[in-house]
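One letter stands for each residue in the lines below.
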Amino acid sequence: MDNTEATRRLHTKKQTLDDAYAAPANFLEIDVINPITHGVAKKRYTDYEVRMRTNLPVFKIKESSVRRRYSDFEWLRSELERDSKIVVPPLPGKAIKRQLPFRNDDGIYDEDFIEDRRKSLEGFVNKIAGHPLAQNERCLHMFLQEPVIDKNYVPGKIRPN
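What you see is a predicted model; the values in this text were computed from it and never measured.

A.B. asks: Got a minute to help me understand the packing of helix α3 (residues 70–83) against helix α4 (residues 111–129) in this structure?
C.D. replies: Angle between the axes and distance between the axes are the two parameters that describe a pair of packed helices. At a minimum axis distance of 12 Å, the contact between α3 and α4 shows a crossing angle of 25°. In terms of axis orientation, α3 runs roughly parallel to α4. In this structure, α3 meets α4 at a crossing whose hand is left-handed. Within the contact between the two elements, α3 uses Y70, F73, L76, R77 and L80 and α4 uses R117, L121, F124, V125 and I128. A class-by-class count of the residues in the contact of α3 with α4 yields eight nonpolar, no polar and two charged.

A.B. asks: Looking at this structure, I do not really get unusual backbone geometry. What am I missing?
C.D. replies: Glycine aside, the phi torsion of most residues is negative, and most peptide linkages are trans. Of note in the backbone geometry, N34 takes a positive phi value of approximately 50° without being a glycine. Secondary-structure assignment places N34 in strand β1 (residues 28–38).

A.B. asks: What exactly am I supposed to notice about the nonpolar core here?
C.D. replies: Soluble globular proteins tend to pack their nonpolar side chains together in the buried interior. The biggest cluster of nonpolar side chains holds 32 residues, and the ones touching the most others in it are F73, L76, V125, F143 and L144. Looking at this core, the elements with two or more residues in it are β1, β2 (45–54), α3, α4 and α5 (138–145). With six residues, α4 is the largest single contributor of residues to this core.

A.B. asks: Would you take a moment to explain the packing of α3 against α5 for this structure?
C.D. replies: In the contact formed by α3 and α5, the axes pass within 9 Å of each other and the chain directions differ by 165°. Compared by their axis directions, α3 and α5 come out roughly antiparallel. By crossing handedness, the relation of α3 to α5 is classed as left-handed. Here D72, F73, W75, L76, E79 and L80 of α3 lie close against α5, whose contacting residues are C139, L140, M142 and F143. The residue inventory of the contact of α3 with α5, partitioned by class, reads eight nonpolar, no polar and two charged.

A.B. asks: I tried to follow a positive patch on the surface on my own but got confused; where do I start?
C.D. replies: Among the surface-exposed residues, K60, K62, R138 and R159 lie close enough to one another that they form a single positively charged patch. By the secondary structure assignment, K62 is in the loop between β2 and β3 (63–69).

A.B. asks: Looking at this structure, I do not really get the environment of G123. What am I missing?
C.D. replies: Locating G123 in the fold gives a position in helix α4. When the C-alpha atoms of G123 and I30 are compared, they prove to be 9.2 Å apart, with 93 residues separating the residues in sequence.

A.B. asks: Help me understand the packing of aromatic side chains, please; the structure alone is not making it clear to me.
C.D. replies: The geometry of an aromatic ring pair is captured by two quantities: the separation of the ring centres and the angle between the planes. One pass over the full model with this rule turns up three aromatic pairs. The interplanar angle of 65° and the centroid separation of 5.7 Å between the aromatic rings of W75 and Y153 together place this pair among those described as edge-to-face. Of this pair, W75 sits in helix α3 while Y153 sits in the segment after α5, and the two are 78 residues apart along the sequence. Classification of Y153 as buried rests on a relative accessible area of 10%. Among the aromatic residues, those joined into a cluster by ring pairs are F73, F124 and F143. The positively charged end of R68 is found above the aromatic ring belonging to F143, 5.5 Å away from the centroid. The ring of Y70 has R117 lying over it, and the distance from NZ or CZ to the ring centre is 4.0 Å.

How each quantity is defined
- Residues numbered from 1 in each chain as written.
- Predicted model: local features only at pLDDT ≥ 70, side-chain atom pairs only at ≥ 80, totals over all residues.
- Heavy atoms only, no water.
- Axes fitted to C-alpha atoms, helices over the stretch in contact; angles between N-to-C directions.
- Helix = DSSP H or I, 4+ residues; strand = E, 2+ residues; numbered from the N terminus.
- Parallel < 35°, antiparallel > 145°, perpendicular 65-115°, else oblique.
- Left-handed = near helix turned anticlockwise from the far one by under 90°.
- Contact = heavy atoms within 4.5 Å.
- Nonpolar A, V, L, I, M, F, W, Y, C, P; charged D, E, K, R; others polar.
- Core = buried A, V, L, I, M, F, W, Y, C linked by side-chain atoms within 4.5 Å.
- Buried < 20%, exposed > 50% of the residue type's maximum accessible area, 1.4 Å probe, protein only.
- Patch = residues over 30% accessible without salt bridge, like charges linked within 9 Å, V, L, I, M, F, W, Y side chains within 5 Å.
- Areas by Shrake-Rupley, 256 points an atom, 1.4 Å probe, with all protein chains shown as cover.
- Salt bridge = Lys/Arg side-chain N within 4 Å of Asp/Glu carboxyl O.
- Lys, Arg positive; Asp, Glu negative; His and termini not counted.
- Charge placed at Lys NZ, Arg CZ, Asp CG, Glu CD.
- Phe/Tyr/Trp six-rings, centres within 6.5 Å; stacked < 30°, edge-to-face > 60°.
- Lys NZ or Arg CZ within 6 Å of the ring centre and 35° of its normal.

Okay, here's the thing in structure tokens:
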């Protein structure tokens, strides 16, 4: 084989508008939305809707919506750190100073703080879920799709059908 044959460019098909705007071959969309603060005084907490849409074969449920609090995100992070081989990104901080008494704002229940935390949690869960190895972890599937997280579950991998 001569040198020009080995280095010749491959002929690729031109992309049409239909190709460009068609549904992607594989997609995974996760939104953290609709924060709601519940309770009063020491029983007060904020949770978020975690909405997922996908066509990835590893996910049996293609659309789901669950409510999660910050401690659930902490649980997911610790499970992945313990059981998976991926580097798990950090969560947004606990905001200890915002929980001190005698503040001139609502602390961790301040609207701007909740919105900043929502964006950070959405970035966190999308980084994790975008990792091919994390997509096979049972804890991620439970976090994204089960209404109640079973903290006594058996860790392991999900096998696609």
